[in-house]
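Single-letter residue listing:
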Amino acid sequence: MKKILKISVIMCFIVLFCTACNGDVTRALRHDGFAVGGEFICDPFFPKDKEDTSYDKIKYITGMHIINSEGKIYEYNLQQTYVNKMNCKVADTQLVVKAIFDNRIIKATDNKYYYLVGENSVSPYTAVTSGDNNYDIYDLLLKGEDVIKAQTANSNTGTYYVLKTDGNVYSITIQKADRNSPAAITSTSVIYNKNDYGNTIIDFNYAGDSANTFIRTTDKVFRNRVTNSDECTKYADIQCTYAISEAESFTEYRDRIIAFNGSTLITDYKKIFTVQS
């Protein structure tokens, strides 16, 4: 009887201790401008126990897809579960992702380009052909073996941001001499230098002056923050200004965060958070 009681006390202590740890993470993220949401049920991305290291690691999470560290594609839905009783499922494709553009075009391991999201009556995971009006842009941005991720920064000026394997993000301008000429790269420069952020950049999102812009290195996350919150939230004629700074909650609890894309964050205790500010 005493043995059973002792075990029960130990189990209660473990549960309370873990709950307190999770609570600390939640409080830190809320203080950092995140709102708490529901649960993310997706067994492949969570360890079965403390010794389990075989679970999938999330590399990118888009609005509809998750790409793991090996380039495998999953589909997910945060509002409903699939038939498998989870919020995710393996995508019906054999494609393996090497690089991604605007969260909708991928370069696969066969070095061809595919639609990640269906568009213009074209199904997801279908090959992009030269008949696509933007094919030359996809090719210019993604064909390099050192390209990991590309994103449109300003479509009016033909400016794109590209993360490469050297850990820097480059600003690349693509233009046409005239409507009949092929697109060409006219300028390239480093826009986010890894040396300015203390380590290799492994992910980023550019959303202009908004809280969804971030830079992620191997050990830190830097997020866009409002620098004049008191004034711009009070007065209609004061525009909010932003500056990128380190998100301390990420640094402290980086081992507890399994996914972040600028707007949605998922912790290792399956809680979903969304960016508020």
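Residues numbered from 1 in each chain as written. Predicted model: local features only at pLDDT ≥ 70, side-chain atom pairs only at ≥ 80, totals over all residues. Heavy atoms only, no water.

### A few points about the overall build of the protein
Moving on, step 1. Counting secondary structure elements, the protein contains four helices and 19 strands.
Moving on, step 2. Each principal axis of the C-alpha atoms in the protein carries an extent, and together these give about 85 × 50 × 35 Å.
Moving on, step 3. Here the protein holds 277 residues, and the buried ones make up 41% of them.
Moving on, step 4. Nonlocal contacts in the protein, meaning residues at least 24 apart in sequence, comprise 42% of its contacts between residues at least 6 apart.
Moving on, step 5. Counting every atom, the protein has about 15700 Å² of accessible surface; 50% of that belongs to carbon and sulfur.
Moving on, step 6. Between the centroid of the 31 positive side chains of the protein and the centroid of its 33 negative side chains there is a distance of 6 Å. (Helix = DSSP H or I, 4+ residues; strand = E, 2+ residues; numbered from the N terminus. Buried < 20%, exposed > 50% of the residue type's maximum accessible area, 1.4 Å probe, protein only. Contact = heavy atoms within 4.5 Å. Areas by Shrake-Rupley, 256 points an atom, 1.4 Å probe, with all protein chains shown as cover. Lys, Arg positive; Asp, Glu negative; His and termini not counted. Charge placed at Lys NZ, Arg CZ, Asp CG, Glu CD.)

### What about the pattern of salt bridges?
Moving on, step 1. Inspection of the entire model under this criterion finds nine salt bridges.
Moving on, step 2. Here Lys-220 makes a salt bridge to Glu-246, at a shortest N to O gap of 3.7 Å. Here the residue Lys-220 occupies a position in the loop between β14 (214-217) and β15 (221-226), and Glu-246 occupies one in strand β16 (residues 242-246), the gap between them amounting to 26 residues.
Moving on, step 3. By relative accessible area, which is 29% here, Lys-220 ends up partly exposed.
Moving on, step 4. Overlapping salt bridges, with partners in common, bring together Lys-98, Lys-107 and Glu-145 in one network. (Salt bridge = Lys/Arg side-chain N within 4 Å of Asp/Glu carboxyl O.)

### Re the sheet that holds strand β12 (residues 184-192)
Moving on, step 1. Overall, mixed pairing links the seven strands, which are arranged β8-β7-β6-β9-β10-β11-β12 in an open sheet. The open sheet is flanked by β8 (113-115) and β12, the only strands paired with a single partner. In this sheet, adjacent strand axes meet at a mean angle of 25° when their direction is disregarded.
Moving on, step 2. Across the sheet, helix α2 (residues 135-142) touches β6 (97-101), β7 (105-108), β8, β9 (147-154), β10 (159-164), β11 (169-175) and β12, and the angle it forms with β6 is around 125°. (Pairing = 2+ DSSP bridges. Axes fitted to C-alpha atoms, helices over the stretch in contact; angles between N-to-C directions.)

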